[in-house]
Amino acid sequence: MSIQRTLSIIKPDAVARNLIGSINSRFEQAGLRIIAMKRIQLTKEQAKKFYDVHKERAFFDSLCDYMSSGPVVIQVLAGDNAVLKNREIMGATNPANAEIGTIRRDFGESIEHNAVHGSDSPESAEMEIRFFFSETDIID
C-alpha cells in the first residue's frame, strides 16, 4: 500500500442538498483523511480550465455550466491508495450503475449531477490538487 493524495469535489447538487457532512463521513469511515478543504464558487472560466481534458466532448459546456452554477467543496484526501479508494467510495459515474452504498448511488441525481468528482489517477490527482491548492494549504 502507498500513501497517496487525491482531489475530491463535492458538486453543486450535493452542496445545495446539504450533504457535505454525509459525504465526508464516508471518506473518513473508509480511512481517508481530509487534509485540505475549501468551499468556493467556480467561475465558468475556472470550470473550463479545470475540465479542459473534456473540451472536445459533447457534454463539456453543460458540465462547465453546472460546475459553476453553485458552491462546491474542494478537498484533498490522503490515505493508502487514496485514488482507488476514493473511486470505490464514489461509485460509477452514472448513479444508476453505481453499487449500492456508494456516494453516487446514494446521493447522485443523474450522470452529471452525481454528487462528487474524484481524480482518476495519481497523475491526475497531482495536477488537480495543484489547480486548487498550494502546498502550504495542505496540512498533512
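Up top is the structure these notes are about.
Enquirer: Could you give an account of the sheet that holds strand β2 (residues 33–40), naming the residues involved and the relevant values?
Expert: Pairing is antiparallel in the open sheet, where four strands are placed in the order β2-β3-β1-β4. Strands with a single pairing partner mark the edges of an open sheet, and in this sheet they are β2 and β4 (116–118). In this sheet, adjacent strand axes meet at a mean angle of 20° when their direction is disregarded. Relative to strand β1 (residues 3–10), helix α5 (residues 82–90) is tilted by about 35°, and along the sheet it contacts β1, β3 (72–80) and β4.

Enquirer: Give me unusual backbone geometry: which residues, what numbers.
Expert: Peptide bonds are mostly trans, and most non-glycine residues show a negative phi. In this structure, Asn-18 is a non-glycine residue whose phi angle is positive, near 60°. One non-glycine residue, Ala-115, adopts positive backbone phi at about 80°. Using a relative accessible area of 0% as the deciding quantity, one classes Ala-115 as buried.

Enquirer: Any chance you could break down the packing of aromatic side chains for me, citing the residues and the numbers?
Expert: Applying the stated criterion across every chain, the model contains four aromatic pairs. Note on Phe-50 and Tyr-51: the rings are 4.8 Å apart at their centroids and 90° apart in plane angle, and the pair reads as edge-to-face. When sorted by exposure, Phe-50 lands in the same class as Tyr-51, which is buried. Taking the centre distance of 4.7 Å and the plane angle of 75° together, the rings of Phe-131 and Phe-132 count as edge-to-face. Since its relative accessible area comes to 9%, Phe-132 is described here as buried. Each residue in the set Phe-50, Tyr-51, Phe-131 and Phe-132 is aromatic and connected to the rest through ring pairs, giving one cluster.

Each value, and the rule that gives it
- For every chain, the first residue of the written sequence is number 1, and numbering continues from 1 along that sequence.
- Local features in this predicted model are restricted to residues of pLDDT 70 or higher, and side-chain atom pairs are both shown and tallied only at a pLDDT of 80 or more, whereas totals for entire chains, interfaces and linings draw on every residue.
- Note that the side-chain values use all heavy atoms of the structure and ignore hydrogens as well as water.
- Only strands joined by at least two bridges in the DSSP assignment are considered to pair.
- For helices the rule is a DSSP run of H or I covering at least 4 residues; for strands it is a run of E covering at least 2, with both sets numbered from the N terminus onward.
- For helices, the axis comes from a line fit to the C-alpha atoms of the stretch in contact; other axes are also lines fit to C-alpha atoms, and the angle between any two N-to-C directions lies between 0 and 180 degrees.
- It only takes one pair of heavy atoms within 4.5 Å for two residues to be counted as in contact.
- Throughout this description, buried means an accessible area under 20% of the type-specific maximum (1.4 Å probe, protein chains only), exposed means over 50%, and partly exposed covers the range between.
- Any pair of Phe, Tyr and Trp rings, taking the six-membered ring for Trp, is counted once the centres come within 6.5 Å. Such a pair is stacked with planes under 30 degrees apart, edge-to-face with planes over 60 apart, and tilted for the rest.

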